[in-house]
Amino acid sequence: MRAYIIDDDPIILRLLTHLLKEAGHEVTSSQSSRGALSDVLARRPDFILVDIMMPELDGYGLCKAIKSDGTLKD
C-alpha cells in the first residue's frame, strides 16, 4: 500500500516512515501541509497520516481540502 505522512516534526516523520517501510508500505512524506496537498492529488496514496498541529494549514484543514476533491474524498 502507498502511505503518505504529513508532519512538521522531522523525528516523528522519520519514525513513522521507518515503521511503515518495515511493514512493507511504500512511503512518501512531507513536512508542509500546503505542499503535501498537491502531492497527494498527484500520487493518490492508499492512506494518509496527518499531524493535527501544523503551522500553515492544520490537519483538519488539510483533511477538509482533501475530502472536498471529488476524486480523493473516499
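Now for a description of the structure that goes with this document. Fair warning: this is a prediction, and the values are worked out from it, not measured in the lab.

One full turn of an α-helix is made of 3.6 residues, so residues set three or four places apart face in the same direction. Among all positions of helix α3 (residues 59-68), only G59, L62 and I66 are buried. Down the axis, α3 shows its buried residues gathered within 65° of arc, on one side only. Opposite the buried face of α3, by more than 90 degrees, sit the exposed residues Y60, K64, K67 and S68. Those residues of α3 hidden inside the fold are in contact with β1 (2-6), α2 (33-43) and β3 (47-50). Residue D58 occupies the N-cap position of α3, its side-chain oxygen lying 3.2 Å from the main-chain nitrogen of Y60.

With 13 residues, helix α1 (residues 10-22) should reach 18 Å at 1.5 Å per residue; the first-to-last C-alpha distance of 18 Å fits that figure. Sitting at the amino-terminal end of α1 is D9, which places a side-chain oxygen 2.9 Å from the backbone nitrogen of I11. Of the residues one or two after α1, G24 is the one with positive phi, at around 95°.

Our focus in this paragraph is the pairing of strand β2 (residues 26-30). Strand direction decides the pairing type here: β1 and β2, joined by five bridges, are parallel. Opposite A3, over in β2, you have V27 as the bridge partner. The parallel pair β1 and β2 is bridged by α1, and the resulting crossover is right-handed.

Two side chains that carry opposite charge are able to pair once their charged atoms sit near each other. Using the criterion set out here, one finds one salt bridge in the structure. Residue R43 pairs with D39 through a salt bridge whose shortest N-O separation is 2.9 Å. Within this pair, R43 and its partner D39 are both found in helix α2, separated by four residues, close to a single helical turn. Using a relative accessible area of 22% as the deciding quantity, one classes D39 as partly exposed.

Rules behind the numbers
Within each chain, residue numbers correspond to sequence positions counted from 1 in written order. Totals for whole chains, interfaces and linings use every residue, but because this is a predicted model, local features are given only for residues with pLDDT of at least 70 and side-chain atom pairs only at 80 or more, for both listing and counting. Side-chain numbers come from the whole structure's heavy atoms, not from hydrogens or water. Exposure is judged per residue with a 1.4 Å probe applied to protein chains only, and the accessible area is read against the type maximum: over 50% gives exposed, under 20% gives buried, and values in between give partly exposed. Counting from the N terminus, the helices are the DSSP runs of H or I reaching at least four residues and the strands are the DSSP runs of E reaching at least two. For this quantity, the arc is that covered by the directions from the helix axis to the C-beta atoms. Throughout, a residue-residue contact means that at least one pair of heavy atoms, one from each residue, lies within 4.5 Å. Counting of polar contacts relies on pairs of N or O atoms within 3.5 Å, with two restrictions inside protein: one atom must be capable of donating a hydrogen and the other of accepting it, and residues adjacent in sequence are counted only when both atoms are side-chain atoms. In a helix, the anticipated span is given by 1.5 Å times the number of residues less one. By definition, two strands form a pair when at least two bridges between them are found by DSSP. By the criterion used throughout, a crossover qualifies as right-handed when its path from the first strand across the helix to the second strand runs clockwise, the strands pointing away from the viewer. The working definition used for a salt bridge is a side-chain nitrogen of Lys or Arg within 4 Å of a carboxyl oxygen of Asp or Glu.

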